[in-house]
Amino acid sequence: MRIKVVYDSKTGNTKKVADAIFSALPAGTERDILSIQEYRPEDDDGWDLYFIGFWIRRGSASVEILKRLSSLHGCGIALFGTCGILPVDAEGAMGVSDTVSVWIPEDSRYLGSFLCRGRMDISVRNCCAARRGTAEDDGRIDQFLLAFDEAMLHPDAADLNAAADFARRTVEKFLKLQVQDPRDNIA
């Protein structure tokens, strides 16, 4: 089996998760890890399973990641992402997986997603804090600042362990699906 991890990381959060996923892949499998900036279309020859990672901005992934997803045919695809503000169990954050997964071609198999929180650039906090006291929505600004401060601690060891567990479960799921219905082998 051949497994590729491709990720887009702005502040390093998604790279940390990508590294945890890559490290958890089974020994003896051919595997590769690339940032989206390093990626070239010729890198997609014959890979069975992809883990595609992104940082969440405005409820979705970058255009580069969405283009990559839409070009992956006949394989298994799992998504992973990091988000700064929303807790990953919030409805809005979980909706991101649905928004991004629609870019996966119909002849590929979507295997699920993993999301965790991640720190953001301090300039985002500073910009928001500067608006405090000048806006009618100081309560929302205070909530944002609290969420921002909490996100600064992520991804933490528990997040990275959960990402590794997600990778192991996804590989097992992928292998089971191939064995269950060999006529529907997507590799």
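Above: the structure in question.
Residues numbered from 1 in each chain as written. Predicted model: local features only at pLDDT ≥ 70, side-chain atom pairs only at ≥ 80, totals over all residues. Heavy atoms only, no water.

1. Notes on the nonpolar core
Spelled out, the test is: Here, the term nonpolar core denotes a set of buried Ala, Val, Leu, Ile, Met, Phe, Trp, Tyr and Cys residues that are joined through side-chain atoms within 4.5 Å. Classification of residues uses two cut-offs on accessible area relative to the type maximum, computed with a 1.4 Å probe and protein chains only: under 20% is buried, over 50% is exposed, and between them is partly exposed. Strands here mean DSSP runs of E at least two residues long; helices mean DSSP runs of H or I at least four residues long; both are numbered from the N terminus. Contacts are residue-level and defined by heavy atoms, with any inter-residue pair within 4.5 Å sufficient.
Residues Val5, Ile21, Leu25, Phe51 and Phe80 are the most contacted members of the largest nonpolar core, which totals 23 residues. For this core, the secondary-structure elements that each account for two or more residues are strand 1 (2-7), helix 1 (13-24), strand 3 (49-55), strand 4 (76-83), strand 5 (109-117) and helix 6 (157-180). When neighbours within four sequence positions are excluded, Phe80 is seen to be in contact with Val5, Val6, Tyr7, Thr14, Val17, Ala18, Ile21, Phe51, Ile52, Gly53, Phe54 and Phe114. Among the nonpolar cores identified, the runner-up in size contains 22 residues, and Val6, Ile56, Cys83 and Val100 belong to it.

2. Brief notes about the sheet that holds strand 1
This is how the line gets drawn: A pair of strands is considered paired only if DSSP assigns at least 2 bridges between the two. Angular values range over 0 to 180 degrees, each being the angle between N-to-C directions of two axes fitted as lines to C-alpha atoms, with helices fitted over their stretch in contact.
If you walk across this open sheet you meet the five strands as 2-1-3-4-5, and the pairing is parallel. The sheet is open, and its two edges are formed by strand 2 (30-35) and strand 5, each paired on a single side. Taking the axes of each pair of neighbouring strands and ignoring which way they run, one obtains an average angle of 15° across the sheet. Against the sheet, helix 2 (residues 63-70) makes contact with strand 1, strand 3 and strand 4, and its axis sits at roughly 165° relative to strand 3, the strand it touches most.

3. Digging into the packing of aromatic side chains
Here a ring pair, both rings aromatic, is described through the centre-centre distance and the interplanar angle of the planes. For clarity, the cut-off: The rule is short: rings of Phe, Tyr and Trp, with Trp giving its six-membered ring, pair when the centres are within 6.5 Å, and they are stacked under 30 degrees, edge-to-face over 60, tilted in between. By the criterion adopted, a ring carries a charge over it if an Arg CZ or a Lys NZ lies within 6 Å of its centre and within 35 degrees of its normal.
Throughout the structure, instances matching the rule amount to two aromatic pairs. Centre to centre, the rings of Phe51 and Phe166 are 6.1 Å apart; their planes meet at 80°, and the pair counts as edge-to-face. Taken as a pair, Phe51 in strand 3 and Phe166 in helix 6 lie far apart in primary sequence, 115 residues in all. Through pairs of rings, three or more aromatic residues link up here, namely Phe51, Phe114 and Phe166. In this structure, Arg31 packs its charged tip against the face of Phe22, placed 4.5 Å from the ring centre.

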